[in-house]
Amino acid sequence: MGAVVTALGTMGVVVALGWLLARRRVLGERAAPVLARVVFTVATPALLVTTVAHADLHLLLSRTAVVTWTSTAVIALVAVLVLRLAWRRPAADVTVGTLASSYVNAGNVGLPLAVYLLDDAVAVVPTLLFQLLVLAPVAFAVLDSRSGPLQGQAVVRRTLSNPIIVATLVGLVLAAVPWDLPEVVYEPFRLIGAAAAPLALLTFGMSLAVPRTVDSAAPRRDLALAVGLRAVAHPLLAWGLGTALGLPAHALLAVVAMASLPTAQNVLVYAMQYRHGEALARDAGLITTILCVPVLLVVAGTLG
């Protein structure tokens, strides 16, 4: 229980600091977009190189990974079907809404939760890799193409030039090769990557200080869908699949806890980078972060 409170409390303090800085205009009016770009192009890629490079790729073949990947894919598919087919949202709105529903805060909340609650830092790796190898590339391809019609090769080229994707691929190559680079090579990446989480949280806090208008409010139905899928449907689905596959108690707790995480702050960073869906990403991140406290407490108390 203490791990949940500590991780979320720390996040809340940093978010509040970002809000205060924006309200006082300490860093100027353009600080949030600039910080978002730094997180997107520099800090997060640096963090991903070191994280993925040291991941055990055998996790990708485990039953835990099957539950994580299947449940996340189902949640994303439901979001796409509702937003696109039922509500006729544009492709960019569908993309941001799907990310808000399925892309969890595996780094800022998931990693400390895995360490302190589960005593196993690698528990977050299946979630992290699925988001980076599947959700992010597809989302970036759609968002990149919305500026105009692109040929297939152009979409692939622009997607592979995305710093998030490049960093993930580099990390996978380093994890797969039979030899290890000297640790001194990773140290600059670790130093820069350490800034990714606090800067993303500061950016999130700054976005909350923007005056709310009708134009900046997230569509209520889209927000309700994202929150419902993120805070309720995903944990229940992960529990059902994990139980059906006979996961042991500790592994079941891990997959359900990871499925209970809030919408990642990086979804807002991505939305700001592509200048679309910022209100939905911001509001979904805030509400699911608040809701995940009771949800995680229930999960830890029931399965722990």
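Definitions and cut-offs
Residues numbered from 1 in each chain as written. Predicted model: local features only at pLDDT ≥ 70, side-chain atom pairs only at ≥ 80, totals over all residues. Heavy atoms only, no water. Helix = DSSP H or I, 4+ residues; strand = E, 2+ residues; numbered from the N terminus. Buried < 20%, exposed > 50% of the residue type's maximum accessible area, 1.4 Å probe, protein only. Contact = heavy atoms within 4.5 Å. Phe/Tyr/Trp six-rings, centres within 6.5 Å; stacked < 30°, edge-to-face > 60°. Salt bridge = Lys/Arg side-chain N within 4 Å of Asp/Glu carboxyl O. Expected span 1.5 Å × (residues − 1). Bend = angle between axes of the 7 residues up to and from the residue. Patch = residues over 30% accessible without salt bridge, like charges linked within 9 Å, V, L, I, M, F, W, Y side chains within 5 Å. Areas by Shrake-Rupley, 256 points an atom, 1.4 Å probe, with all protein chains shown as cover.

Visitor: Looking at this structure, how should I read the overall build of the protein?
Guide: When its secondary structure is counted, the protein shows 14 helices and zero strands. Put simply, the protein runs from its N terminus to its C terminus through helices and strands in the order α-α-α-α-α-α-α-α-α-α-α-α-α-α. Taken over 304 residues, the protein has a buried fraction of 49%. Restricting the contact set of the protein to residue pairs at least 6 apart, pairs at least 24 apart contribute 83%.

Visitor: Got a minute to help me understand the packing of aromatic side chains in this structure?
Guide: Each pair of aromatic rings is reported with the distance of its centres and the angle of its planes. Applying the stated criterion across every chain yields a total of seven aromatic pairs. Summarising the aromatic geometry, the rings of Phe-40 and Phe-140 are spaced 5.8 Å apart at their centres and angled 80 degrees between planes, so their arrangement reads as edge-to-face. Taken together, the residues span a long stretch of sequence, with Phe-40 in helix α2 (residues 31-53) and Phe-140 in helix α6 (residues 125-145) at a distance of 100 residues. For the pair shown, Phe-40 and Phe-140 are each scored as buried. Between Phe-40 and Tyr-270 the ring centres are 5.7 Å apart and the planes differ by 80 degrees, which places this aromatic pair in the edge-to-face class. Within this pair, whereas Phe-40 is found in helix α2, its partner Tyr-270 is found in helix α13 (residues 265-274), the two being separated by 230 residues in sequence. Like Phe-40, the residue Tyr-270 is buried in the burial classification. An aromatic cluster is present here, built from Phe-40, Tyr-103, Phe-140, Tyr-270 and Tyr-274 joined pairwise through their rings.

Visitor: I would appreciate a short explanation of the pattern of salt bridges in the present structure.
Guide: Side chains carrying opposite charge are able to pair once their charged atoms draw close together. Counted according to the given criterion, the structure contains five salt bridges. Note that Arg-25 and Glu-29 form a salt bridge whose closest N and O atoms lie 3.4 Å from each other. Members of the salt-bridge network, linked through shared partners, are Glu-183, Glu-187 and Arg-190.

Visitor: Could you clarify how one ought to interpret α6 in this entry?
Guide: Spacing of three or four residues puts side chains on the same side of an α-helix, whose turn is 3.6 residues. The terminal C-alpha atoms of α6 lie 29 Å apart, and with 21 residues this matches the ideal 30 Å at 1.5 Å per residue to within 8%. At Gln-131, α6 is bent by approximately 35 degrees, the largest bend along its length.

Visitor: What exactly am I supposed to notice about a nonpolar patch on the surface here?
Guide: Residues Val-34, Val-38, Val-42, Leu-191 and Ile-192 make up a contiguous nonpolar surface patch of roughly 420 Å² in combined accessible area. Put simply, the parts of the chain that give the nonpolar patch at least two residues each are α2 and α9 (183-193). Tallying contributions element by element places α2 first for the nonpolar patch, with three residues. Along the chain, Ile-192 turns up in helix α9. Its relative accessible area of 40% is what places Ile-192 among the partly exposed residues.

Visitor: What's the story with unusual backbone geometry in this structure? I'm lost.
Guide: For residues that are not glycine, phi is negative in most cases, and the peptide bond is trans in most cases. Phi is positive for Arg-25, which is not a glycine, with a value near 55 degrees. As for its placement among the helices and strands, Arg-25 is situated in the loop between α1 (2-24) and α2. Relative accessible area serves as the criterion here: at 58%, Arg-25 is assigned to the exposed category. The phi dihedral of Arg-88 is positive, around 55 degrees, even though this residue is not glycine. Note that Arg-88 resides in the loop between α3 (63-86) and α4 (91-102). A relative accessible area of 67% places Arg-88 in the exposed class.

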